[in-house]
Amino acid sequence: MNEELEETGVSEGGELTFAEIYQSILEKGTFSIEVPTEYAAAARLGVKNCKAYYNKKSRQAGIPTDESVLKISESDLSDGFVRITWAMKNRGTVPTRKPQIEILEDE
């Protein structure tokens, strides 16, 4: 059984709403599901629209919005399904090694 489906309490063959998927992405930073190939586009668009909807509602309520970007990757599975993985990525960042901080001493 898919590990992430077990964590959300959904068994094989279950259904998740776009809001449930987006909530899982927010909680974990990354989330993967397996959907039939014909539903992959709807899943990607639905989660993107859900994020936009919640950001709009947050702005209207004066609450800070989620400024991160959803990075989406897909991999085709051999049984007619696609694994879609969403990951949160902050805007305007690049991967780095551990920063080296120089401490300047007073002379």
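Chemist: Just give me the short version of the packing of helix α2 (residues 18-28) against helix α3 (residues 40-60), but keep the residues and values in it.
Modeler: Between two packed helices, the angle of one axis relative to the other and the distance separating the axes together describe the packing. The contact between α2 and α3 brings their axes to 9 Å, and the two run at 75 degrees. The orientation of α2 relative to α3 falls into the category roughly perpendicular. Where α2 abuts α3, its residues F18, A19, I21, Y22 and I25 lie against A42, A43, G46, V47, C50, K51 and Y54. When grouped by side-chain class, the residues that make up the contact of α2 with α3 number ten nonpolar, one polar and one charged.

Chemist: Before we move on, could you go through the packing of aromatic side chains and cite the residues and values that matter?
Modeler: What the rule picks out here adds up to two aromatic pairs. When the ring of Y22 is compared with that of Y54, the centres are 6.2 Å apart and the planes differ by 10 degrees; the resulting orientation is stacked. Pair noted here: Y22 is in helix α2 and Y54 is in helix α3, with a separation of 32 residues, a long-range link. You can call Y54 partly exposed: its relative accessible area is 37%. Through a chain of ring-to-ring contacts, the aromatic side chains of Y22, Y53 and Y54 assemble into a single cluster.

Criteria and cut-off values
- Residues numbered from 1 in each chain as written.
- Predicted model: local features only at pLDDT ≥ 70, side-chain atom pairs only at ≥ 80, totals over all residues.
- Heavy atoms only, no water.
- Axes fitted to C-alpha atoms, helices over the stretch in contact; angles between N-to-C directions.
- Helix = DSSP H or I, 4+ residues; strand = E, 2+ residues; numbered from the N terminus.
- Parallel < 35°, antiparallel > 145°, perpendicular 65-115°, else oblique.
- Contact = heavy atoms within 4.5 Å.
- Nonpolar A, V, L, I, M, F, W, Y, C, P; charged D, E, K, R; others polar.
- Phe/Tyr/Trp six-rings, centres within 6.5 Å; stacked < 30°, edge-to-face > 60°.
- Buried < 20%, exposed > 50% of the residue type's maximum accessible area, 1.4 Å probe, protein only.

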